[in-house]
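What follows is each chain in one-letter form.
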Amino acid sequence: MTLFRQLMMTIIAIFSLMLVVVMGINFNTTKGYLIGQLESTTQDSATSLSMSVSDFMAFEDYASVESSINAVFDSGYFSEVRIHVYDGDRNIARSNSVTVDGVPTWFVKLIDFRVPVAKAVISNGWSELGQVYITGSAGYGYHQLWLATRDLLISFFIIGSITLVLGSIALRYLFKPLVELEKQAEAIQQRRFVKMLNVPKTRELRSVVLSMNRMAEKLEKEFAAEVETAQWLQSKAFKDPVSGLGNRHFFESQMKSHFSERERGFDALALISLADLAKLNNEQGYESADLFIQSAAEILSKKVSTVSSFATLARLSGADFVLLIPNFGRSQLELIVSEIMGELMELHTAEISYSESVANIGAVIIDGSVDRSNAMSQADEALREAKRQGINTAKVLGLQGAQSVAINRTKWKGIIENTILHRSFSLKKQKVASINQSTPEVLHEEVFIGLEYEGKNYHAGYFIGLANQFDLCDQLDRVIIERVIDFIKSRNLEKPLAINLSASSYAKPEFISWLDKVLSQTEEGVKNKLIFEISEQSVLAEESQTQVLADLLKKHNVVFGIDNVGKQISAFQYLQMLMPDYVKIDSSYTRMAAGKESESFFMHTLCKVFSSLNIDVIATGVEHDKQLKALARFDVAGAQGYCVGRTQEM
């Protein structure tokens, strides 16, 4: 076989592989989105119908009930709308057969499109009168899937045909740059959309190179669209559409993740309740009510962004917001609560609120001994106390059932500075192991820090937030890096050690210069046993400096990863820019992976996005074997948690 034919077959194979990969990602994402949209539509319709017919059911006005069923049935893609009436055990229903127009029969038979069935109870007061059943229609889903598949095939066929023609012309005359072209094709296959900067002067070969560059650009845009779709799906599940904040589901998942951590310090938890929202909605309309909610959410978001990038802010329900700030003190909490209340009261001046009464705030400080339910109960108690005190009041409660002796902020500053001076931080490590193997392999071990004061050990949760406020994190990180390097040199380690860097450290150019100098003076064998981790919150807070850090670590061939990925409702485009070696998924997704199928879908979507970039995925917060078995279904390289291995002294 001639070299020309071999090269042409190689190009065809690469295009075919890219087509399968992109089609697979696009098809699964589109299918998941359509199913999720249909589930949401059917459930919303069922809930709405149950509420609208409750009065008719109470008066046994079944003619009006049937009219409501017809209205719902005609307004959406449903195959059946049925109401089961408990009184008389009868059904009122409307249905029709599912028709799929414009879609080949073989495509319908090949695709298993799961049709959701939504239910809602019809009640009037304390009495349950019946139940609504709404079954979605798969016709619309099949049609959209077919259109997406057909269009993608046509676009790839056109692009592939043009590229193959131009490539064949160029390859007949010049073969020298083919090595670079092959490398570029392999990079595109791995979702590294590189472009050839050195374009040959030969006309035919120049056309091939430019075509490949255009193809890389197009694929890059398509991948960006996939990432955007994943973000959209995440927002649909976790984002409140009115306020733009996380919803109750998002907050509960974050609370479960946060309170499952064994080493927690002092946290601030606040409930913010807007006043007279229902009156505003009833008398001035939903637009005024939405404006009130959005204005309050904007105030909260701006204020929280200035306090901590690790805070979780969400809208629980109609008028209630919740805020969780890890590693936060009471004096700070009182200050931010006072500032929030002051800015919220300005909504009355702007005539956005219903009346002079704008909001009440209840906040508490909790420590690691307080569980999730007790924390919410304490915050709710503080909110009730604030409401009892009058309009526009806030109540901040201190620790309940916590340590009898608390260390004040000034004293903590001296303790941290003294520990940095004497390099006396205690170090622990926890292993990260691979899954899907009979004998799990340790991938690396993550380093955790602590300190001792007056005979008591304090983990990082107690003081790392204060160190950041005192601008001591860069000094702390320097000590930890030096100690870990010394530890690696003194022992014959088999697996690397991962160090967490804070954003306030690498945001300083002098820290980057220091790290560059340290790594330059470190032997290759030691650098191979060194890993750096940064949190997703740090990436979002310091995007430009994160890129500088990533370039520095790549220059020294040092592995780095991103932790807590998915903890924030944000886009994942930064991954393509930074291209870390691995990501650690937030533990809330680990719990969802072992939960309902609809929840595990998000883990599946994230893994697909990361795997398409050739980034290893590590699940965190793995507490039991059930989660490990569930994670085996996804493209997950490793796991971390108490089920995999507990922390050990170094």
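Summary of the structure given here.

Here is what the cut-offs are and how they apply
Residues numbered from 1 in each chain as written. Predicted model: local features only at pLDDT ≥ 70, side-chain atom pairs only at ≥ 80, totals over all residues. Heavy atoms only, no water. Pairing = 2+ DSSP bridges. Helix = DSSP H or I, 4+ residues; strand = E, 2+ residues; numbered from the N terminus. Axes fitted to C-alpha atoms, helices over the stretch in contact; angles between N-to-C directions. Contact = heavy atoms within 4.5 Å. Nonpolar A, V, L, I, M, F, W, Y, C, P; charged D, E, K, R; others polar. Buried < 20%, exposed > 50% of the residue type's maximum accessible area, 1.4 Å probe, protein only. Expected span 1.5 Å × (residues − 1). Core = buried A, V, L, I, M, F, W, Y, C linked by side-chain atoms within 4.5 Å. Salt bridge = Lys/Arg side-chain N within 4 Å of Asp/Glu carboxyl O. Polar contact = N/O pair within 3.5 Å; in protein donor to acceptor, adjacent residues only side chain to side chain. Phe/Tyr/Trp six-rings, centres within 6.5 Å; stacked < 30°, edge-to-face > 60°. Lys NZ or Arg CZ within 6 Å of the ring centre and 35° of its normal.

**Structural notes on the sheet that holds strand 4 (residues 127-136)**
Item 1. Taken together, four strands build an open sheet; the order of strands is 2-1-4-3 and the sheet is antiparallel. Where the open sheet ends on each side, the last strands, each with one partner, are strand 2 (90-95) and strand 3 (117-124). Between one strand and the next, the sheet's axes are offset by a mean angle of 15°, whatever the strand orientation.
Item 2. Where strand 1 (residues 78-85) meets strand 4, seven bridges bridge the pair, whose relative direction is antiparallel. In the strand pairing of strand 4, His84 is matched with Gln131.

**Describing the packing of helix 9 (residues 277-284) against helix 10 (residues 286-305)**
Item 1. Look at helix 9 against helix 10: their axes get within 6 Å of each other, and the N-to-C directions meet at 145°. Taken together, the residues of helix 10 that come into contact with helix 9 (itself represented by Leu277, Leu280, Asn281 and Gln284) are Tyr286, Ser288, Ala289, Phe292 and Ile293.
Item 2. Of the residues assigned to the contact of helix 9 with helix 10, the class counts are six nonpolar, three polar and no charged.

**Considering the pairing of strand 16 (residues 582-585)**
Item 1. Judged by which residues are buried, strand 16 turns out to be covered on both faces: Tyr582 and Lys584 on one side and Val583 and Ile585 on the other are all buried.
Item 2. Pairing geometry for strand 15 (residues 559-565) and strand 16, over three bridges, is parallel. Bridge pairing in strand 16 links Gly561 to Tyr582.
Item 3. As defined by bridge partners, strand 16 adjoins strand 17 (residues 616-619) across four bridges and the pair is classed as parallel. Note that in strand 17 the partner of Val583 across the bridge is Val617.

**A closer look at helix 10**
Since there are 3.6 residues in each turn of an α-helix, residues three or four apart along the chain are aligned in direction.
Item 1. The end-to-end C-alpha distance of helix 10 is 28 Å, a good match for the 28 Å that 20 residues give at a rise of 1.5 Å each.
Item 2. Where helix 10 is buried, its residues touch strand 5 (267-274), helix 9, strand 6 (312-317), strand 7 (320-325) and helix 11 (330-349).

**Details of the environment of Ile134**
Item 1. With respect to the secondary-structure elements, Ile134 resides in strand 4.
Item 2. Accessibility expressed as a relative area gives 0% for Ile134, which makes it buried.
Item 3. Among residues more than four places away in sequence, those in contact with Ile134 are Thr42, Ser45, Ala46, Leu49, Val72, Phe78, Glu80, Val81, Pro116, Val117 and Ala118.

**Details of the nonpolar core**
Item 1. In this structure, Leu344, Leu515, Phe532, Met603 and Phe610 are the most contacted members of the largest nonpolar core, which totals 155 residues.
Item 2. Excluding its chain neighbours within four sequence positions, the residues that come into contact with Met603 are Ile585, Tyr589, Ala593, Ala619, Leu631, Phe634 and Val636.
Item 3. Leu49, Val65, Ile83 and Ile134 belong to the second-largest nonpolar core, a separate cluster that totals 19 residues.

**With respect to the pattern of salt bridges**
Item 1. For the structure on display, the rule yields 23 salt bridges.
Item 2. Linking Lys555 and Asp516 is a salt bridge whose minimum nitrogen-to-oxygen distance equals 3.1 Å. Taken as a pair, Lys555 in helix 20 (residues 543-555) and Asp516 in helix 17 (residues 509-520) lie far apart in primary sequence, 39 residues in all.
Item 3. Connected via shared salt-bridge partners are Lys303, Glu339 and Glu343.

**Here we look at the side chain of Ser505**
Item 1. Mapped onto the elements, Ser505 comes out in helix 16 (residues 503-506).
Item 2. Accessibility expressed as a relative area gives 0% for Ser505, which makes it buried.
Item 3. Engagement of the side chain of Ser505 in a polar contact is seen with the backbone oxygen of Cys473, the distance being 3.1 Å.
Item 4. Side-chain polar atoms of Ser505 contact the side chain of Ser502, separated by 2.8 Å.
Item 5. Aside from chain neighbours lying at most four places away, what touches Ser505 is Cys473, Asp474, Asp477 and Phe511.

**Thoughts on unusual backbone geometry**
Item 1. Look at Glu351: it is not a glycine, yet its phi comes out positive at around 60°.
Item 2. Secondary-structure assignment places Glu351 in the loop between helix 11 and strand 8 (359-366).
Item 3. If you check the backbone angles, Asn564 has positive phi at about 60° while not being a glycine.
Item 4. Checked against the element boundaries, Asn564 lands in strand 15.

**Points about the sheet that holds strand 6**
Within a sheet, each strand pairs with its neighbour through backbone hydrogen bonds, oriented either parallel or antiparallel.
Item 1. With mixed pairing, five strands are arranged side by side in an open sheet as 6-7-5-8-9. Because the sheet does not close on itself, it has two edges, and the strands there are strand 6 and strand 9 (394-397). Sheet twist, expressed as the average angle between the axes of neighbouring strands with direction ignored, equals 15°.
Item 2. Note: strand 5 against strand 8, eight bridges, orientation antiparallel. Residue Ala270 lies in a different strand from strand 8, and its bridge partner there is Ala363.
Item 3. Packing of helix 8 (residues 248-259) onto the sheet brings it into contact with strand 5, strand 6, strand 7 and strand 8, and relative to strand 6 it is tilted by some 130°.
Item 4. Across the sheet, helix 12 (residues 372-389) lies against strand 5, strand 6, strand 8 and strand 9, angled at about 140° from strand 8, the strand it touches most.

**As for the packing of aromatic side chains**
Item 1. Counted according to the given criterion, the structure contains six aromatic pairs.
Item 2. Measuring from ring centre to ring centre gives 6.2 Å for Trp412 and Phe463, while their planes differ by 35°; the resulting arrangement is tilted. Within this pair, whereas Trp412 is found in helix 13 (residues 409-422), its partner Phe463 is found in helix 14 (residues 460-469), the two being separated by 51 residues in sequence. Here Trp412 and Phe463 have matching classes, each one buried.
Item 3. Residues Tyr458 and Tyr462 carry aromatic rings whose centres are separated by 5.4 Å and whose planes lie at 85° to one another, so their mutual orientation is edge-to-face. Taken individually, Tyr458 and Tyr462 each receive the classification buried, so the pair is uniform in this respect.
Item 4. Ring-pair connections join several aromatic residues into one group, and the members of that group are Phe266, Trp412, Phe425, Tyr458, Tyr462 and Phe463.
Item 5. Its guanidinium or amino end placed over the ring of Tyr62, Arg90 lies 4.5 Å from that ring's centre, counting from NZ or CZ.
Item 6. It is Lys456 that lies over the ring of Tyr458; its NZ or CZ is 5.8 Å from the centre.

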